[in-house]
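# Commentary on secondary and tertiary structure
Next come the chains, spelled out residue by residue.
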Amino acid sequence: IDFDLILENVKDLNVLAGEGISQIQRTPGGARLRQPEPLPLTLYQNGIVMCDGPFRPYEDPSTQQCLQDIMDGYFPSELQTRYPDGV
């Protein structure tokens, strides 16, 4: 696992997802600015935790696919059901 590549690509993906850019959210009385909700990802020596979910060891195939997506420069494909219109 190339942790340097993962960290570099996570930074790039954060920019694509709108990090630091406010979005307009309509309210009954007008509108307000809001920041996109972050998706926490914690890397450990032997696994990851994503979105406050359970610990996932690196040996798990779904963890390997998630990290491979990130290393390839894509958002993890497992997030498509949670964010069908994109992150």
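An unreviewed UniProt entry lists the protein chain under the name UBX domain-containing protein 11, with Syrrhaptes paradoxus given as the organism. The Function (unreviewed entry) field of the UniProt record for the protein chain holds the comment "May be involved in the reorganization of actin cytoskeleton mediated by RND1, RND2 and RND3. Promotes RHOA activation mediated by GNA12 and GNA13."

All right, on to the state of the cysteines then. Scanning the entire structure with this criterion turns up 0 disulfides. Here C51 stays unpaired: no disulfide links it, and the sulfur of C66, its closest cysteine neighbor, is 8.6 Å away.

Turning next to helix 1 (residues 3-16). When the terminal C-alpha atoms of helix 1 are compared, their 20 Å separation across 14 residues agrees well with the 20 Å that a helix rising 1.5 Å per residue should span. All of the buried residues along helix 1 are I6, N9 and L13. Down the axis of helix 1, the buried side of the element spans an arc of 75°, and every buried residue falls inside it. For helix 1, the exposed residues lying more than 90 degrees away from the buried face are D4, K11 and V15. Taken together, the buried residues of helix 1 touch strand 3 (41-43) and helix 2 (61-71). Of the residues that open helix 1, the one with a side-chain oxygen 3.3 Å from the backbone nitrogen of D4 is D2. One or two residues past the end of helix 1 sits G18, with phi positive at roughly 100°.

Reading the values: the criteria
- All residue numbers here refer to positions counted from 1 along the written sequence of the relevant chain.
- Given that this is a predicted model, residues contribute local features only at a pLDDT of at least 70 and side-chain atom pairs are listed and counted only at 80 or more, while totals for whole chains, interfaces and linings are drawn from all residues.
- Only hydrogens and water are set aside; all other atoms, that is, all heavy atoms of the structure, feed into the side-chain values.
- UniProt positions are given in the numbering used here, feature names are shortened, and annotations may be inferred rather than shown by experiment.
- Disulfide: a pair of cysteine sulfur atoms within 2.5 Å of each other.
- Here a helix means four or more residues in a row that DSSP labels H or I, a strand means two or more in a row labelled E, and each is numbered from the N terminus.
- Helices are assigned an expected span. That span is 1.5 Å times one less than the residue count.
- Buried, partly exposed and exposed residues are distinguished by accessible area as a fraction of the type maximum, computed with a 1.4 Å probe on protein chains only: under 20%, between the cut-offs, and over 50%, respectively.
- By definition, the arc is the one covered by directions from the helix axis to the C-beta atoms.
- Contacts: residue pairs with any heavy atoms within 4.5 Å of one another.
- N or O atoms within 3.5 Å of each other form a polar contact, as long as, within protein, one can give a hydrogen and the other can take it, and as long as residues adjacent in sequence are counted only when both atoms are side-chain atoms.

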